[in-house]
Amino acid sequence: MFQVFKKLDWFFKHYWKRYTFAIITLIIASAIGLIPPRLLGYAIDHIQFQTLTSQLLTIIVVGYLVLIVVHYSVSFIWDYTLFSGAVILERWTRSKLINHFLRMTPTFYGKYKTGDLMARSTNDLKAIAQTAGFGVLTLVDSTTFMFMLIAMMGFSISWKLTLAALIPLPIMAIIMNKYGAAIHARFTEAQAAFGNMNNEVLESIRGVRVIRAFVQEKQDKDRFEAMTEDVYQKNIAVAKIDAMFEPTMKILVGLSYTIGLGYGTVLVFQNVISLGDLVSFNVYLGMLIWPMFAVGELINVLQRGNASLDRVNETIGYEADVKDPEKPMSVTEVETIEFANVSFSYPGTKRNQLENINLSITKGQTIGVVGKTGSGKTTLFKLMLRQYPGVVGEIKVSGVDLERMSLDQIRSWIGYVPQDQVMFSKSVRENIQFGKSDASDEEIYRVMELAHFVEDIKQLPQGLDTKVGESGVTLSGGQKQRVALARAFIKDPEILILDDSLSAVDGKTESKIIAHLREERKNKTTFIAAHRLSAVTHADHIIVLEDGIIAEEGTHEELIQNDGWYKEQYEQQQLEDDKEAIS
Ligand code: ADP
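Residues numbered from 1 in each chain as written. Predicted model: local features only at pLDDT ≥ 70, side-chain atom pairs only at ≥ 80, totals over all residues. Heavy atoms only, no water.

- Where an unreviewed UniProt entry is consulted, the chain appears under the name ATP-binding cassette domain-containing protein, with the organism given as Ornithinibacillus hominis.
- Listed under Subcellular location (unreviewed entry) in UniProt, the entry text for the chain is "Cell membrane". (UniProt positions renumbered as here; feature names shortened; annotations may be inferred.)

Shown next as structure tokens:
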């Protein structure tokens with residue numbers, strides 16, 4: 001349980017001054033808190049023996065007031081220092097986590113569900129932060145403060161009475177431990193149920209259109225109700241134990257009081273202690289309740305923190321399966337790109353998704369990649385982006401294997417436009433600026449022209465400032481594709497990859513965009529994967545993939561002469577286009 005502090009030692013070492021200061025002020029505040037009960041006893045003794053003068057009373061009252069003010073100030077200081085430490089720890093671990101997420105490859109995201117990752121970045125981080133705030137507080141209070149109180153009661157009043165009143169203490173510790181373990185187990189279950197529900201909500205919201213289209217609302221609602229019922233039951237189970245906790249504690253505390261009062265009164269009659277001592281003693285007993293609780297709380301906080309830290313560390317410790325080489329080679333220009341006998345299979349699959357690919361490309365060329373769905377087009381691009389390990393053969397840029405270059409360098413060259421567009425919940429302007437953060441409106445208008453989006457932007461309510469994405473205006477598939485194109489154009493990358501990025505725009509728009517593209521990318525390399533072959537007819541070289549193998553290759557004219565899949569597909573698509581034109 002205490003190893004959670006050990007696991008966080010990097011943090012405590014860094015902030016040791018802050019924590020030393022917080023703990024010292026906390027102890028000073030506790031010590032100040034011990035004085036008022038003694039003052040009270042002192043006053044009562046003087047009342048009893050009728051020796052209380054108005055002057056003495058004034059001193060006592062003023063002393064009391066001063067103590068209140070000092071106690072307030074010191075408490076503020078430790079509270080602020082200690083709990084801001086917790087916030088710092090939360091921020092620190094959160095940035096660690098997000099940096100890690102950004103470095104991870106698809107394998108990682110295949111392993112962890114989004115809802116789970118969200119739970120780790122919120123609930124678990126909170127639990128960890130608690131150890132650095134509330135955990136430290138309960139640690140100090142349940143040890144130092146408790147000993148200070150007991151010592152005060154023993155030395156300044158009576159050890160006999162103190163020990164007698166503390167008899168229920170061990171029983172309390174045992175019960176607390178039992179309850180604590182039960183709460184922990186039930187709480188863990190409740191959290192897991194909460195995590196599952198989270199995921200369910202996420203999927204329902206994301207898939208709301210599909211749910212409606214397939215009239216699955218009722219089923220989804222039922223499923224969701226079962227989930228909430230589960231969460232409810234598990235939290236009720238926690239609440240039940242929680243509810244038993246306090247009354248049990250009250251009984252034991254009441255027992256302590258009874259002993260304190262009964263045995264204390266006897267001692268007063270025997271003149272061993274004064275009446276004032278008895279009153280002070282009972283106030284101290286009352287003060288002892290918190291440190292006792294603190295023991296339980298400490299166990300609780302540390303256990304939760306430890307479990308959460310393990311979960312977060314497991315995520316952070318997940319090593320990316322694609323790593324930077326130890327000594328990356330720097331390549332300044334993308335002169336050539338070469339695939340030499342490249343084969344690849346996704347982790348966990350048996351057959352090769354790409355087989356013996358050979359390709360040689362020089363700067364300025366446009367490469368068309370076509371083939372049936374599932375033939376390996378996207379996979380080819382993912383390998384260029386270095387998203388997966390285990391590539392057999394070599395992919396070389398300017399003669400250097402990609403594996404010997406830094407990931408940042410490779411990705412800085414590439415502008416990748418996937419078929420499924422990602423729109424961030426920001427304005428159109430900011431979405432395009434993802435390609436170049438300091439792009440001016442002028443530049444943005446220019447690339448929108450290239451992507452044929454200018455007419456559309458005029459229709460949007462606030463033009464470039466229109467918010468899109470999840471919480472904004474819903475763009476059509478074709479519009480999203482064109483915003484994504486503009487984003488890639490503004491980056492003006494060395495290598496532009498359009499992965500079926502024109503699938504949702506009509507034929508006319510497509511040919512205009514292609515014409516712009518040819519003009520713009522004369523001296524740079526462009527890959528275009530497409531279902532509609534008209535998008536690649538202009539390419540310098542076209543490869544036709546079939547089950548991961550290059551089945552045909554050449555220019556458009558060569559492929560037409562070849563009399564294979566390409567020709568057949570091209571003619572069929574021409575026919576369809578003609579039909580469309582007539583109707
Ligand atoms: P295309 O882009 O030509 O439609 P893909 O490159 O997406 O084809 O897919 C090629 C093959 O790889 C398909 O059989 C597909 O099922 C498989 N595949 C794609 N992604 C994965 C993955 N992450 N894990 C396992 N197999 C995959």
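Next comes the rest of the account.
A closer look at the nonpolar core
Link 1 in the chain: Counting residues in each nonpolar core, the largest one holds 44 residues, and the members touching the most others are Val 370, Val 428, Ile 432, Met 448, Phe 489 and Tyr 566.
Link 2 in the chain: At the level of secondary structure, the elements contributing two or more residues to this core comprise helix 15 (428–433), helix 16 (441–450), helix 17 (454–459), helix 18 (477–491), strand 7 (495–499), helix 19 (507–520), strand 9 (541–546) and helix 21 (565–582).
Link 3 in the chain: Broken down by element, this core gets its largest block of residues, seven residues, from helix 18.
Link 4 in the chain: Discounting residues that sit within four places of it in the chain, Val 428 has contacts with Phe 453, Ile 457, Leu 460, Gly 463, Leu 464, Thr 466 and Val 468. (Core = buried A, V, L, I, M, F, W, Y, C linked by side-chain atoms within 4.5 Å. Buried < 20%, exposed > 50% of the residue type's maximum accessible area, 1.4 Å probe, protein only. Helix = DSSP H or I, 4+ residues; strand = E, 2+ residues; numbered from the N terminus. Contact = heavy atoms within 4.5 Å.)

Comments concerning the pairing of strand 4 (residues 392–397)
Link 1 in the chain: Here five bridges tie strand 1 (residues 336–344) to strand 4, and the two strands are oriented antiparallel to one another. When the bridges of strand 4 are listed, Phe 339 appears paired with Ile 395.
Link 2 in the chain: Of the strand pairs in this sheet, strand 4 and strand 5 (residues 400–401) are connected by two bridges, and their pairing is antiparallel. Looking at strand 5, one finds that Lys 396 is bridged to Asp 401.
Link 3 in the chain: Adjacent in sequence and paired antiparallel, strand 4 and strand 5 are bridged by two residues, among which Ser 398 carries a positive phi angle near 45 degrees. (Pairing = 2+ DSSP bridges.)

What to know about the site of the ligand
Link 1 in the chain: Taken together, 13 residues lie near the ligand, and Gln 353, Gly 374, Lys 377, Thr 378 and Thr 379 sit nearest.
Link 2 in the chain: Measuring from an oxygen atom of the ligand, one finds a backbone N or O atom of Gly 374 at 2.7 Å.
Link 3 in the chain: Take Lys 377: an N or O atom from its main chain is 2.9 Å from an oxygen atom of the ligand.
Link 4 in the chain: Protein coverage of the free-state accessible area of the ligand, which is 570 Å², stands at 65%.
Link 5 in the chain: Along the lines of polarity and charge, the residues of the shell around the ligand split into two nonpolar, eight polar and three charged. (Near = heavy atom within 4 Å. Polar contact = N/O pair within 3.5 Å; in protein donor to acceptor, adjacent residues only side chain to side chain. Areas by Shrake-Rupley, 256 points an atom, 1.4 Å probe, with all protein chains shown as cover. Nonpolar A, V, L, I, M, F, W, Y, C, P; charged D, E, K, R; others polar.)

So, the packing of aromatic side chains
Link 1 in the chain: By the definition in use, this model includes 22 aromatic pairs.
Link 2 in the chain: Between Phe 155 and Trp 159, the ring centres sit 5.2 Å apart and the planes meet at 85 degrees, which makes this aromatic pair edge-to-face.
Link 3 in the chain: Classification of Phe 155 by relative accessible area gives exposed; the value is 69%.
Link 4 in the chain: Centre to centre, the rings of Phe 424 and Phe 434 are 4.1 Å apart; their planes meet at 5 degrees, and the pair counts as stacked. Note that Phe 424 is positioned in the loop between strand 6 (414–417) and helix 15 and Phe 434 in the loop between helix 15 and helix 16, a separation of 10 residues in sequence.
Link 5 in the chain: By relative accessible area, Phe 424 is classed as partly exposed at 31%.
Link 6 in the chain: Taken together through their ring pairs, the aromatic side chains of Phe 5, Trp 10, Phe 11, Phe 12, Tyr 15, Tyr 19 and Trp 92 make up a single cluster.
Link 7 in the chain: Residue placement shows Lys 96 over the ring face of Trp 10; its charged tip is 4.1 Å from the ring centre. (Phe/Tyr/Trp six-rings, centres within 6.5 Å; stacked < 30°, edge-to-face > 60°. Lys NZ or Arg CZ within 6 Å of the ring centre and 35° of its normal.)

So, the pattern of salt bridges
Link 1 in the chain: Using the criterion set out here, one finds 30 salt bridges in the structure.
Link 2 in the chain: The partner of Glu 200 in a salt bridge is Arg 223, and the shortest N-O contact between them spans 2.9 Å. Residue Glu 200 is located in helix 9 (residues 168–206), and its partner Arg 223 is located in helix 11 (residues 217–269); the two are separated by 23 residues in the primary sequence.
Link 3 in the chain: Given the relative accessible area of 12%, Glu 200 is considered buried.
Link 4 in the chain: Among the residues examined, Arg 223 registers a relative accessible area of 45% and is labelled partly exposed. (Salt bridge = Lys/Arg side-chain N within 4 Å of Asp/Glu carboxyl O.)

Describing the sheet that holds strand 10 (residues 549–554)
Link 1 in the chain: Ordered in space as 6-7-8-3-9-10, the six strands form an open sheet in which the pairing is mixed. Among the strands making up the open sheet, the edge pair consists of strand 6 and strand 10. Each strand of the sheet is rotated relative to its neighbour by a mean of 15 degrees, with strand direction disregarded.
Link 2 in the chain: Sitting on the sheet, helix 13 (residues 377–384) is in contact with strand 3 (366–371), strand 6, strand 7, strand 8 (525–529) and strand 9, with an inclination near 150 degrees to strand 7. (Axes fitted to C-alpha atoms, helices over the stretch in contact; angles between N-to-C directions.)

Quick notes on the sheet that holds strand 5
Link 1 in the chain: The antiparallel open sheet is built from four strands, whose spatial order is 2-1-4-5. A strand with exactly one partner marks an edge of an open sheet, and here the two such strands are strand 2 (354–362) and strand 5.
Link 2 in the chain: Looking at chain direction, strand 1 and strand 2 are connected through six bridges and run antiparallel. Opposite Val 342, over in strand 2, you have Ile 357 as the bridge partner.
Link 3 in the chain: Most of the contacts of helix 13 go to strand 1, to which it runs at about 115 degrees, and overall it touches strand 1, strand 2 and strand 4.

A look at the packing of helix 16 against helix 19
How two helices sit against one another is set out by the angle between their axes and by the gap between those axes.
Link 1 in the chain: Where helix 16 contacts helix 19, the two axes come as close as 8 Å, and the packing angle between them is 125 degrees. The orientation of helix 16 with respect to helix 19, classified from their angle, is oblique. Taken together, the residues of helix 19 that come into contact with helix 16 (itself represented by Arg 446, Glu 449 and Leu 450) are Ile 513, His 516 and Glu 520.
Link 2 in the chain: Each residue belonging to the contact of helix 16 with helix 19 can be placed in one class, and the counts come to two nonpolar, one polar and three charged. (Parallel < 35°, antiparallel > 145°, perpendicular 65-115°, else oblique.)

A look at the pairing of strand 8
Link 1 in the chain: With five of its five residues buried, strand 8 lies for the most part within the structure.
Link 2 in the chain: Relative to strand 8, strand 3 runs parallel, the two sharing four bridges. Bridging from a neighbouring strand, Ile 367 pairs with Phe 527 of strand 8.
Link 3 in the chain: In terms of strand pairing, strand 7 meets strand 8 through five bridges, oriented parallel. Counterpart to Asp 499 in the pairing with strand 8 is Ala 529.
Link 4 in the chain: As a crossover connection, the stretch from strand 7 through helix 19 into strand 8 is right-handed. (Right-handed = clockwise from strand over helix to strand, strands pointing away.)

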